[in-house]
Amino acid sequence: MNKLTKSLVAAGLLAGMSAPVLADGLSGNVALVSDYVWRGVEQSPGAAPTMQGGMDYETGAFSFGTWGSSLAEGGTEIDLYGAYSFGPVSVGAIYYYFPTGSLGNSGSTEVNVSGDAGPVSLMASYATDVSGNPYYLEASYSHGFGKVSLDLHAGYGETYTTSSGGAAFDYSIGVSGSAGGLDLAAVYAYSESTKEGKPYVSIGKSI
């Protein structure tokens, strides 16, 4: 099957999913994205359709989760994360693990602090096991217009996602909404590191 056919088949599977009854505090998600873009940098070169999904659990001030995605050339990514909330501020950590592909059997850990400043969500992250000064600062804002939301994001930092070897700026502009029980989004992301913009779309389902 070609990429378009594969995408349509996967979209049909998503549309046919029923939402099972999950335990209190447990939620899940699955999505098909036309291209995997993270912090403005393309993670699946060639705009290959990519399946992604995760599970999250919340209990009191604690939250835990895992998320996975396929990468280019048969690679995979699995993220494990957790956080503790102190009212409007949360502290957490995330471990990025790459069991297969060009980064096979490697990983990296970030610690982070996040919170809200009015309608804007803020987060500061620092990679504990990457050489250099691997920080990343980001801000996100969403505003609803009926059933559609305008989603804005901006980030700046020196991380292993940047190809320039120094700090770089990235941003994204997107619209999202739901229809027929599916979560839909269209996004344009740009990275100063690669000097490229990447449009992508996603179709998913929350359970």
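Everything that follows concerns the structure shown earlier in this document.
Before going into details, it helps to say that this report is about the structure given with it.

For the rest of this paragraph, the subject is the pairing of strand E9 (residues 120-127). In the sheet, strand E8 (residues 106-117) pairs with E9 via 8 bridges, with the strands oriented antiparallel. Pairing of Asp 116 across the sheet is with Ser 121, part of E9. Summarising the sheet, E9 and strand E10 (residues 135-145) pair through 7 bridges and their orientation is antiparallel. The residue of E10 that forms the bridge with Ser 125 is Tyr 136.

The next thing to look at is the pairing of strand E13 (residues 182-191). Along a regular strand, successive side chains alternate from one face of the sheet to the other. Pairing of strand E12 (residues 168-179) with E13, which is carried by 10 bridges, proceeds in the antiparallel orientation. Pairing of Ile 173 across the sheet is with Tyr 188, part of E13. Here E12 folds back onto E13 in antiparallel fashion, the turn holding 2 residues, of which Gly 180 has a positive phi close to 60°. Examined bridge by bridge, E13 and strand E14 (residues 196-206) share 9 bridges and lie antiparallel to one another. Among the inter-strand pairings, Ala 189 is bridged to a residue of E14, identified as Lys 198. Two successive antiparallel strands, E13 and E14, enclose a turn made up of 4 residues, where Lys 195 displays a positive phi of approximately 60°.

With that out of the way, let us pick up the side chain of Lys 198. Within the secondary structure layout, Lys 198 lies in strand E14. In this view, Lys 198 contacts Asp 35, Val 37, Glu 42, Val 187, Tyr 188 and Ala 189; residues no more than four positions away in its chain are not counted.

A cluster of nonpolar side chains, contributed by Tyr 57, Phe 62, Phe 64, Tyr 84, Phe 86, Val 89, Val 91 and Val 113, occupies part of the molecular surface with about 690 Å² of accessible area. Looking at the nonpolar patch, the elements with two or more residues in it are strand E5 (62-70), strand E6 (76-86) and strand E7 (89-100). By the secondary structure assignment, Tyr 57 is in strand E4 (residues 50-59). Here Tyr 57 falls in the partly exposed class, since its relative accessible area comes to 35%.

In this section: unusual backbone geometry. Not every positive phi belongs to a glycine, and Arg 39 is a case in point at roughly 55°. Here Arg 39 falls in the buried class, since its relative accessible area comes to 11%. The backbone of Lys 195 shows a phi angle near 60°, a positive value even though the residue is not glycine. Tracing the sequence through the fold places Lys 195 in the loop between E13 and E14. On the basis of relative accessible area, Lys 195 is assigned to the exposed category, the value being 58%.

Here we take up the packing of aromatic side chains. Counted under the stated rule, the structure contains 9 aromatic pairs. A ring pair is formed by Phe 169 and Tyr 171, whose centres lie 6.1 Å apart and whose planes are at 35°; its orientation type is tilted. Each residue in the set Phe 62, Phe 64, Tyr 84 and Phe 86 is aromatic and connected to the rest through ring pairs, giving one cluster. The ring of Tyr 136 is capped by Arg 39, whose NZ or CZ atom sits 4.1 Å from the centre of that ring.

Definitions and cut-offs
Just so you know, the residues in each chain are numbered from 1, in the order the chain's sequence is written. Given that the model is predicted, a residue must reach a pLDDT of at least 70 before its local features are reported, and side-chain atom pairs must reach 80 or more before they are shown or counted; all residues, however, enter totals for whole chains, interfaces and linings. Only hydrogens and water are set aside when side-chain values are computed; all heavy atoms of the structure are taken into account. In this analysis, strands are considered paired if DSSP registers two or more bridges between them. Elements are defined by DSSP. Helices are runs of H or I of four residues or more, strands are runs of E of two residues or more, and each kind is numbered from the N terminus. Here a residue-residue contact requires only that any non-hydrogen atoms of the pair lie within 4.5 Å. Residues enter patches when their relative accessible area tops 30% and they take part in no salt bridge; the joining distance is 9 Å for like charges and 5 Å for the nonpolar side chains Val, Leu, Ile, Met, Phe, Trp and Tyr. For the accessible areas, the method is Shrake-Rupley and the probe is 1.4 Å, while residue cover comes only from the protein chains on display. Any Lys or Arg side-chain nitrogen found within 4 Å of a carboxyl oxygen on Asp or Glu counts as a salt bridge. Three exposure classes are used, based on accessible area relative to the maximum for each residue type with a 1.4 Å probe and protein chains only: buried under 20%, partly exposed in between, and exposed over 50%. Ring pairs are drawn from Phe, Tyr and Trp, using the six-membered ring of Trp, whenever the two centres fall within 6.5 Å, and their geometry is named by plane angle: stacked under 30 degrees, edge-to-face over 60, tilted for the rest. Definition used: whenever NZ (Lys) or CZ (Arg) falls within 6 Å of the ring centre and also within 35 degrees of the ring normal, the charge is taken to sit over that ring.

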